[in-house]
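These are the residues of each chain, in order.
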Amino acid sequence: MVDPVKLAQDLIRRPSVTPRDEGAIGVLEEALKSAGFTNHRLAFAAPGTAEIQNLYAVRNGDRPGRNICFAGHTDVVPVGRPESWQVDPFAAAITDGKLYGRGAADMKSAIAAFAAAAARFTAKRQGKFAGAISLLITGDEEGPAVNGTKPVLDWLAEKGEKLDACIVGEPTNPTRLGEMAKIGRRGSFTGRLTVHGIQGHTAYPHLADNPIHRLSAMIAALTEPLDDGSAHFPATTLQFATVDVGNPANNVIPAEAKAVFNSRFNDLHTAKSLEAEIRRRLDTVGGRYDLVCECSGESFLTPPGPLSELLVGAVQAETGLTPELSTTGGTSDARFIKNYCPVIEFGLAGATMHKVDEHVPVADIEALSRIYERVLDAFFDA
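Now for a description of the structure that goes with this document.

Reading the values: rules and limits
- Residues numbered from 1 in each chain as written.
- Predicted model: local features only at pLDDT ≥ 70, side-chain atom pairs only at ≥ 80, totals over all residues.
- Heavy atoms only, no water.
- Pairing = 2+ DSSP bridges.
- Helix = DSSP H or I, 4+ residues; strand = E, 2+ residues; numbered from the N terminus.
- Axes fitted to C-alpha atoms, helices over the stretch in contact; angles between N-to-C directions.
- Buried < 20%, exposed > 50% of the residue type's maximum accessible area, 1.4 Å probe, protein only.
- Phe/Tyr/Trp six-rings, centres within 6.5 Å; stacked < 30°, edge-to-face > 60°.
- Contact = heavy atoms within 4.5 Å.
- Expected span 1.5 Å × (residues − 1).
- Parallel < 35°, antiparallel > 145°, perpendicular 65-115°, else oblique.
- Left-handed = near helix turned anticlockwise from the far one by under 90°.
- Nonpolar A, V, L, I, M, F, W, Y, C, P; charged D, E, K, R; others polar.
- Core = buried A, V, L, I, M, F, W, Y, C linked by side-chain atoms within 4.5 Å.
- Salt bridge = Lys/Arg side-chain N within 4 Å of Asp/Glu carboxyl O.

### Side note on the sheet that holds strand 10 (residues 187-196)
Backbone hydrogen bonds hold the strands of a sheet together, and the pairing may be parallel or antiparallel. As summarised here, the arrangement of the four strands in space is 12-14-10-15, forming an open sheet in which the pairing is antiparallel. Each having just a single partner strand, strand 12 (237-244) and strand 15 (289-297) make up the two edges of the open sheet. In this sheet, neighbouring strand axes are inclined to one another by 15° on average, regardless of whether the strands run parallel or antiparallel. Pairing between strand 10 and strand 14 (residues 256-265): ten bridges, direction antiparallel.

Next comes the structure, spelled out in structure tokens:
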């Protein structure tokens, strides 16, 4: 059997800060091999990027059927100042019933819970089930996400490997296990705005064109509400991250002003339609400007249905709680998986993810593994 807590510790002890692997994928490979999985180590490196180690592991039953996939990432964010931690961030120490370490919440413990649940399920069924259990694990979720889940999914499609359902083990619960699952995510749209003016003396503004004044009007125009939300999504937001002029003199009107904003948008928009609305508002203010746009992921939704019902039932049986089906938060690799099969996200509590002294209760790791096992039972008994 695979012990989820011990495996989580072994994974945390590998300092796999993006884009480094440091042996984390190998640790998981060994655990899955012992549970009868076939491992496929996949390395990708787009031009100008570091090579990323990924893993697709699959355990087939004794007859054809559906493939349920558990997806996650072994890469973690930097620890910041190590001296700020109460414990070594990569020692995986257990103190007062809590497992500490970078990746404890986001999301090495969930990966360990996947593996342990699959091992227990296949052992008790003695390999007799219709279909397959797979794990899709990347080392490029916290990074640019170009050498991870997306190319692995392309590789699966080329091989004719079909996924029928997927659970992503992101830390979806705000404070305690069982509160929330994610059935979709908002899109993320970034705009880099440059407003052009005419440089001049502040005492002679009629001989210049102050881009700061027009940028201020543009900011006001863009921060007016974009919508009121939809059935499963909150209202679209647009937040300015920085405004820059770079002018050291107090008697000079600058030639240009720059700003960067990010919008988290719901399913009432696409990146294309959102850009069109943003440009319309900028054009209303007028003047010369340049706008460079990028979208790291469109909004998406897996409507409540069979997959969410399986997960909610498992959570209720294990915790007594009914998780809220939410679309809040940032982006995740579910944005790639949704093009291939229904996807839902459920993991541990995320209150300490990316923080100093990141930790999760040991009991929650064990309970999460039992929830995943309940999902497997329901999926293959359906």
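### Here's the deal with the pairing of strand 10
Summarising burial for strand 10: nine of the ten residues are buried, a large majority. Note that strand 10 and strand 15 share eight bridges and pair antiparallel. Residue pairing across strands places threonine 190 opposite glutamate 294, the latter belonging to strand 15.

### Some thoughts on the packing of aromatic side chains
Per the counting criterion, the structure on display carries nine aromatic pairs. On the numbers, 4.8 Å between centres and 35° between planes, the contact of phenylalanine 70 with phenylalanine 114 is tilted. Of this pair, phenylalanine 70 sits in strand 3 (residues 63-73) while phenylalanine 114 sits in helix 3 (residues 104-124); the two residues are 44 residues apart in sequence, bridging distant segments of the chain. Phenylalanine 70 sits in the buried class, given a relative accessible area of 0%.

### Looking at the sheet that holds strand 4 (residues 94-95)
Ordered by their spatial adjacency, three strands build an open sheet running 4-5-19, and the pairing between neighbours is antiparallel. In the strand order of this sheet, the two ends are held by strand 4 and strand 19 (359-361), each with one partner. In this structure, strand 5 (residues 98-100) lies alongside strand 19, joined through three bridges in antiparallel fashion. Bridged to lysine 98 within strand 19 is proline 361. Contacts from helix 1 (residues 4-12) reach strand 4 and strand 5, with the element oriented near 20° to strand 5.

### Some words on the environment of histidine 206
Mapped onto the elements, histidine 206 comes out in the loop between strand 11 (200-201) and helix 5 (211-222). Of the residues examined, histidine 206 reaches a relative accessible area of 62% and is grouped as exposed.

### Some words on helix 9 (residues 362-381)
Counted at 1.5 Å a residue, the expected span for helix 9 with its 20 residues is 28 Å, and the 29 Å between its end C-alpha atoms agrees. Counted residue by residue, helix 9 has 14 buried out of 20 residues, so it is predominantly covered.

### Considering helix 4 (residues 149-159)
Every buried residue of helix 4 is accounted for by Thr149, Pro151, Val152, Leu153, Trp155 and Leu156. On the buried face of helix 4, the contacting elements are strand 1 (38-44), strand 2 (52-60), strand 6 (130-138) and helix 8 (334-337). Just downstream of helix 4 lies glycine 160, where phi reads positive at about 75°.

### Quick word on the packing of helix 3 against helix 9
The contact between helix 3 and helix 9 brings their axes to 8 Å, and the two run at 45°. Taken together, the axes of helix 3 and helix 9 are oblique relative to one another. At the point where helix 3 passes helix 9, the crossing takes the right-handed sense. Two secondary-structure elements touch here, helix 3 through Ser109, Ala110, Ala113, Phe114, Ala116, Ala117, Ala118, Arg120, Phe121 and Lys124 and helix 9 through Ile365, Leu368, Ser369, Arg370, Tyr372, Glu373, Leu376, Asp377 and Phe380. Per-class residue counts for the contact of helix 3 with helix 9 are twelve nonpolar, two polar and five charged.

### Some points on the nonpolar core
With 60 residues, the main nonpolar core has Leu7, Leu28, Ile133 and Tyr372 as its most contacted residues. The residues contacting leucine 28, other than those within four sequence positions of it, are Leu7, Leu11, Leu55, Ile111, Ala115 and Ile137. Judged by nonpolar contacts, the second largest core, of 21 residues, contains Cys69, Ala71, Ala145 and Cys341.

### A closer look at the pattern of salt bridges
Applying the stated criterion across every chain, the model contains 23 salt bridges. Between arginine 280 and glutamate 277 there is a salt bridge, with its nearest N and O atoms 2.9 Å apart. On the criterion of helical spacing, the pair formed by arginine 280 and glutamate 277 is a turn pair, its members being three residues apart in helix 6 (residues 271-285). In this structure arginine 280 comes out as partly exposed when scored by relative accessible area, which is 47%. The partner of arginine 374 in a salt bridge is glutamate 318, and the shortest N-O contact between them spans 3.1 Å. Of the two residues, arginine 374 is situated in helix 9 and glutamate 318 in helix 7 (residues 306-319); the sequence distance between them amounts to 56 residues. Beyond isolated ion pairs, a larger network of salt bridges with shared partners links Arg120, Lys124, Arg125, Glu373, Asp377 and Asp381.

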